[in-house]
Amino acid sequence: MNGTGTPADGTSATLHAALDGLGPLARQLGQIHSRLWHEQVHQDLTGPQFTVLGLLRTHGPMDQGTLGALASLDKSTAAPMLERLKHRGLVAITKDDKDRRRKLVTITEAGRELATTLAPAVVGISDEMLAHFNPVERDQFLSLMRRVVEGAKQ
């Protein structure tokens with residue numbers, strides 16, 4: 001220990017780096033996004049549910065596995081989420097005529113309308129959170145975040 005009661009072996013610097021690193025920043029970013037989502041989007045719809053509706057709206061019907069992969073959902077959360085969306089009348093789930101083991105997911109008209117209606121608010125959250133960046137910095141920031149995510153998937 002040094003005279004200030006802190007270890008003199010670099011532990012303090014490592015602890016400071018850990019507290020000022022990616023984990024705490026990612027948690028804070030997530031909290032801010034969640035608060036804004038609740039205030040501006042909510043509609044009893046989560047971010048992942050919006051992603052599913054948006055993917056179906058833009059790409060059309062697809063099997064549950066493909067949809068889960070595109071939305072970055074694990075199998076244990078995809079099925080219950082889709083069932084909740086089905087019960088709300090936002091998606092339809094049917095068995096594939098060619099392969100009865102596959103489930104096909106289709107967005108309903110209500111799901112299309114909800115995704116289209118909420119999209120500006122979702123974009124608005126991003127705009128609000130990135131307001132301190134100029135357009136080039138926004139692109140760089142999002143590109144770097146995508147690289148972190150893709151790197152972690154490998």
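These remarks concern the structure in this document. (Residues numbered from 1 in each chain as written. Predicted model: local features only at pLDDT ≥ 70, side-chain atom pairs only at ≥ 80, totals over all residues. Heavy atoms only, no water.)

**Here we look at a nonpolar patch on the surface**
Just so we agree on the cut-off: Patches here: salt-bridge-free residues with over 30% relative accessible area, like charges joined within 9 Å, nonpolar side chains (Val, Leu, Ile, Met, Phe, Trp, Tyr) joined within 5 Å. Each accessible area value is a Shrake-Rupley result obtained with a 1.4 Å probe; residue values ignore everything except the protein chains displayed when judging cover. For salt bridges, the criterion is a side-chain nitrogen of Lys or Arg within 4 Å of an Asp or Glu carboxyl oxygen. Numbered from the N terminus, helices here are DSSP runs of H or I no shorter than four residues, and strands are runs of E no shorter than two. When accessible area is computed with a 1.4 Å probe and restricted to protein chains, residues below 20% of their type maximum are described as buried, those above 50% as exposed, and intermediate ones as partly exposed.
Together, L29, L142 and M145 make up a nonpolar patch on the protein surface, roughly 210 Å² of accessible area in all. Structurally, the position occupied by M145 is in helix α7 (residues 135–153). Owing to a relative accessible area of 36%, M145 belongs among the partly exposed residues under this scheme.

**Points about the nonpolar core**
To keep it simple, the criterion reads: Nine residue types can take part in a nonpolar core, namely buried Ala, Val, Leu, Ile, Met, Phe, Trp, Tyr and Cys, and a core is a set of them joined through side-chain atoms within 4.5 Å. Throughout, a residue-residue contact means that at least one pair of heavy atoms, one from each residue, lies within 4.5 Å.
Of all hydrophobic cores here, the largest spans 27 residues; its most connected members are L45, V52, L53, L56, L67 and L85. Counting only elements with at least two residues in this core, the list comes to α2 (22–40), α3 (47–59), α5 (75–87), β2 (91–95), β3 (103–107) and α6 (109–129). Beyond its immediate chain neighbours, meaning those up to four positions away, L53 contacts L45, L85, L90, V91, I107, G111, L114 and A115.

**Digging into the pattern of salt bridges**
Inspection of every chain in the model, using the stated rule, returns eight salt bridges. The partner of E109 in a salt bridge is R112, and the shortest N-O contact between them spans 3.2 Å. With E109 and R112 both in helix α6, this residue pair falls three residues apart, about one helical turn. E109 sits in the partly exposed class, given a relative accessible area of 46%. R112 gets classed as partly exposed once you look at its relative accessible area, which sits at 29%. One salt-bridge network, held together by shared partners, links D63, D96 and R102.

**Description of the environment of Q43**
As for its position among the elements, Q43 is in the loop between α2 and α3. Sequence spacing of Q43 and T116 is 73 residues, and the spatial spacing of their C-alpha atoms is 13 Å. Dropping the residues within four chain positions of it, Q43 is found in contact with R88, L114 and L118.

**A word on the pairing of β3**
Short version of the rule: DSSP calls a pair of strands paired once it identifies at least 2 bridges connecting them.
Pairing geometry for strand β1 (residues 62–63) and β3, over two bridges, is antiparallel. Pairing of M62 across the sheet is with V105, part of β3. As paired elements, β2 and β3 share five bridges and run antiparallel to each other. Each bridged residue has a counterpart across the sheet, and for K95 the counterpart in β3 is K103.

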